[in-house]
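Spelled out from the first residue to the last, the chains are:
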Amino acid sequence: MSVESQYYPDGDNEKRKRMSTGLQVNCPHSLRLAIQSAYEYGYHFLVTQITHPNYARDLLHGKPPPAIGRTDRILQSLEWGRYIVAELTPTINVDSEIEHVQRKSKALFLQELGFAVHLGVPVIKFSLTKRHNAQLGRLINEKLVNGFTSSFWVTLPMVHPSQFSPICTEDEKEDSWEWWNDFRTYCNYDKHVGLVLELPEIAHIPSQSEVNRWIGEPVKALIIPTTYFILNNHGKPVLPRAHQDIIQRFLTIDVQYIIKSDSETDLSLYTKYLHFLGKKLYVGDPNLEFIQGCEDFLQNPLQPLTEHLETNIYEVFEKDQIKYTTYQNAIQKALADVPQDVALPVIMVVGAGRGPLVQAALNVSYILHRKVKVYAVEKNPYAINTLIDRVNHDWNGQVTLINEDMRVYEPPEKADILVSELLGSFGDNELSPECLDGAQRFLKKSGISIPCSYTSYLAPLQSIKIFNEIRNNRPADKTLRTCYETPYVIHLVNYYQIAPAQPLFKFEHPNWNDVINNERYKKLRFNCEQSCILTGFVGFFDTVLYKDVMLSIHPETHTREMVSWFPIVFPLMEPLKVEAGSVIEISFWRVENADKVWYEWCLEKPLKGCVMNPAGRSYFIKKH
Ligand SMILES: C[S@@+](CC[C@H](N)C(=O)[O-])C[C@H]1O[C@@H](n2cnc3c(N)ncnc32)[C@H](O)[C@@H]1O
């Protein structure tokens with residue numbers, strides 16, 4: 001660890017390496033020497049008390065004023081600010097029922113917080129040792145509301161020891177998550193209140209769903225006592241498989257690791273091992289380079305119908321090879337099904353962009369040795385510019401270009417196959433139904449639409465991170481209500497999906513019904529397996545391109561390595577605690593008028609909420 005170190009105990013994610021490690025030391029003889037040896041061992045920060053038992057701190061009677069702890073001059077301010085996580089004195093008990101203990105604890109607590117600010121430490125860490133922490137929660141909330149600059153790390157066992165205690169009855173068993181949830185609720189889910197979890201011993205490993213729920217929390221660090229390590233064949237400390245599995249789950253949310261040791265052995269072995277584990281267990285997305293840096297970042301859904309897409313967006317689309325090879329497979333199956341007596345099958349690519357699906361259609365023609373006539377219909381004049389170049393240089397003049405809106409274009413002939421990709425993260429949310437209903441005029445009655453259908457899915461979501469992103473990043477020209485009544489496209493990482501996703505709305509093409517109605521309404525019910533915090537709903541879609549050829553971003557059927565679409569999130573105004581075993585029910589509408597399409601959503605159970613986004617007042621998709 002050095003002054004130039006790039007690691008910050010609670011710093012910006014971008015600045016942190018994936019396996020940032022800290023060392024917990026209790027009252028070292030010399031803090032400077034402790035920092036130096038931690039650095040030599042490969043750690044990035046130190047967790048330690050900023051007070052010291054040698055200093056009595058008799059606050060209530062002390063005269064002259066007693067010292068709080070060792071002098072701040074033992075470290076430079078830069079070092080306090082970079083490398084020290086300040087652990088509060090564990091005996092402080094502001095929630096004591098004994099009045100004088102409570103009073104003295106409060107005085108000591110406020111003094112330590114003040115001292116931490118004086119030193120400039122970035123993080124203050126303390127443990128919750130009981131369920132009810134109203135006083136502590138109120139005091140910390142008061143600090144936060146007044147603009148306290150350091151973060152708080154609340155420490156808890158991942159599994160409460162009473163869960164496995166032979167002494168406790170079922171009623172006496174405590175749930176750490178409930179303690180945490182009560183506490184952070186006092187602090188109004190403030191993003192400066194993070195969580196540090198003590199890894200459980202090997203006999204107390206939590207269930208998958210318990211771990212999943214923790215993944216939806218702002219976990220900043222995991223504490224690993226050195227006693228959990230076992231020696232491998234080479235005499236080196238390693239973690240048992242069950243602990244590795246838990247660490248692997250937390251790698252996705254980029255937590256830090258705190259080694260807790262009472263011995264003076266070579267502590268470098270533990271941090272080396274954790275770095276090794278990070279490399280071994282991290283299953284990065286193969287398309288990582290395209291999606292890195294947008295974790296939990298809110299994006300407004302695109303509106304490609306009314307806003308022309310730009311070069312960089314088309315470029316990102318086109319990098320997703322799997323999408324285009326899947327489309328090509330679908331076109332191939334469809335062309336094989338066009339009767340042989342059709343001498344020159346017509347393929348119309350509508351919403352052609354810069355031409356990847358046109359290329360796929362030409363590839364199929366080559367593969368099947370069957371001549372086709374290809375039209376490319378695109379309303380974006382700048383994308384047409386690219387297409388002109390491709391017709392001249394790549395496609396040998398084979399493709400007919402039409403710079404028009406597919407809803408009004410009058411073609412000279414009808415298509416055997418209509419190919420489009422007008423899909424958003426929720427399937428229909430970029431107005432594919434409205435566009436294709438218009439375009440099917442130029443599809444033969446026997447013709448094939450690729451895609452044939454698409455379905456949206458919805459699941460209840462816990463993500464305090466996203467709730468806070470919306471709350472804390474309100475643009476100046478929008479009300480908070482507008483921000484919560486807007487769906488966001490998000491590469492979700494720090495979240496917990498409360499129940500499996502269920503199908504919502506389905507659209508099929510072509511749709512030869514006399515009356516086409518793209519409005520929808522459905523009520524969905526989800527069972528809540530364990531207590532959690534509902535912050536909104538997450539949406540996905542899948543699509544049948546043709547026959548068995550599908551694309552999906554539904555978590556259970558997700559097309560491998562496809563990165564074109566992230567899930568879409570429909571928020572709620574306030575987080576809501578949902579008890580284990582209860583039902584979450586939501587009503588969802590797709591509504592339209594002559595100018596726009598929008599969604600409305602309303603929580604029905606466990607509490608009835610108001611209808612979000614009525615009349616599309618905060619979010620809508622323009623038709624023109
Ligand atoms: C999601 S992009 C897909 C582009 C391309 N097919 C691809 O896969 O890379 C949708 C394209 O459809 C175009 N588009 C959307 N609605 C249209 C309409 N009504 N008429 C013509 N083009 C439309 C947009 O300009 C955009 O280029």
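Heads up: these notes are all about the structure in this document. Computed from a predicted model, the values in this text were never measured in an experiment.

Cut-offs and rules
Residues numbered from 1 in each chain as written. Predicted model: local features only at pLDDT ≥ 70, side-chain atom pairs only at ≥ 80, totals over all residues. Heavy atoms only, no water. Helix = DSSP H or I, 4+ residues; strand = E, 2+ residues; numbered from the N terminus. Buried < 20%, exposed > 50% of the residue type's maximum accessible area, 1.4 Å probe, protein only. Near = heavy atom within 4 Å. Polar contact = N/O pair within 3.5 Å; in protein donor to acceptor, adjacent residues only side chain to side chain. Areas by Shrake-Rupley, 256 points an atom, 1.4 Å probe, with all protein chains shown as cover. Nonpolar A, V, L, I, M, F, W, Y, C, P; charged D, E, K, R; others polar. Contact = heavy atoms within 4.5 Å. Pairing = 2+ DSSP bridges. Axes fitted to C-alpha atoms, helices over the stretch in contact; angles between N-to-C directions.

## What about unusual backbone geometry?
Stage number 1. Looking along the chain, the bond that leaves isoleucine 450 and enters proline 451 is cis, with omega of 10°.
Stage number 2. Structurally, the position occupied by proline 451 is in the loop between β15 (443-450) and β16 (453-462).
Stage number 3. The residue aspartate 254 is not glycine, and still its phi comes out positive at about 60°.
Stage number 4. Accessibility expressed as a relative area gives 14% for aspartate 254, which makes it buried.

## Observations regarding the site of the ligand
Stage number 1. Around the ligand, 21 residues are found, and the nearest of them are Tyr314, Tyr324, Glu378, Asp405 and Met406.
Stage number 2. One of the side-chain nitrogen or oxygen atoms of lysine 323 is found 3.4 Å away from an oxygen atom of the ligand.
Stage number 3. One nitrogen or oxygen atom from the main chain of glycine 351 is found 3.0 Å from a nitrogen atom belonging to the ligand.
Stage number 4. The fraction of the free accessible surface of the ligand (600 Å²) that becomes covered by protein chains is 99%.
Stage number 5. Counting residues per element, the ones that place at least two in the shell around the ligand are α10 (311-319), α11 (321-337) and α12 (356-367).
Stage number 6. Of the residues belonging to the shell around the ligand, the class tally is 12 nonpolar, three polar and six charged.

## Some details on the environment of tyrosine 41
Stage number 1. Examined against the element boundaries, tyrosine 41 turns out to sit in helix α1 (residues 31-41).
Stage number 2. We classify tyrosine 41 as partly exposed; its relative accessible area is 24%.
Stage number 3. Sequence separation between tyrosine 41 and threonine 543 is 502 residues, and the spatial gap between their C-alpha atoms is 52 Å.
Stage number 4. Excluding residues that lie within four positions of it along the chain, tyrosine 41 makes contacts with Thr265, Asp266, Leu267, Ser268 and Thr271.

## A word on the sheet that holds strand β3 (residues 84-87)
Backbone hydrogen bonds hold the strands of a sheet together, and the pairing may be parallel or antiparallel.
Stage number 1. One closed barrel holds the eight strands; their spatial order is β1-β2-β3-β4-β5-β6-β7-β10, and the pairing between them is parallel. Neighbour-to-neighbour, the strand axes of this sheet turn through a mean angle of 25°, independent of strand direction.
Stage number 2. Relative to strand β7 (residues 219-225), strand β6 (residues 193-198) runs parallel, the two being bridged by four bridges. Counted as the bridge partner of leucine 197 is leucine 222 from β7.
Stage number 3. The sheet contacts of helix α5 (residues 176-186) involve β4 (123-127), β5 (151-157) and β6, and relative to β5 the element is tilted by about 155°.
Stage number 4. Contacting β6, β7 and β10 (256-260), helix α7 (residues 241-251) runs over the sheet at an angle of about 160° to β7.

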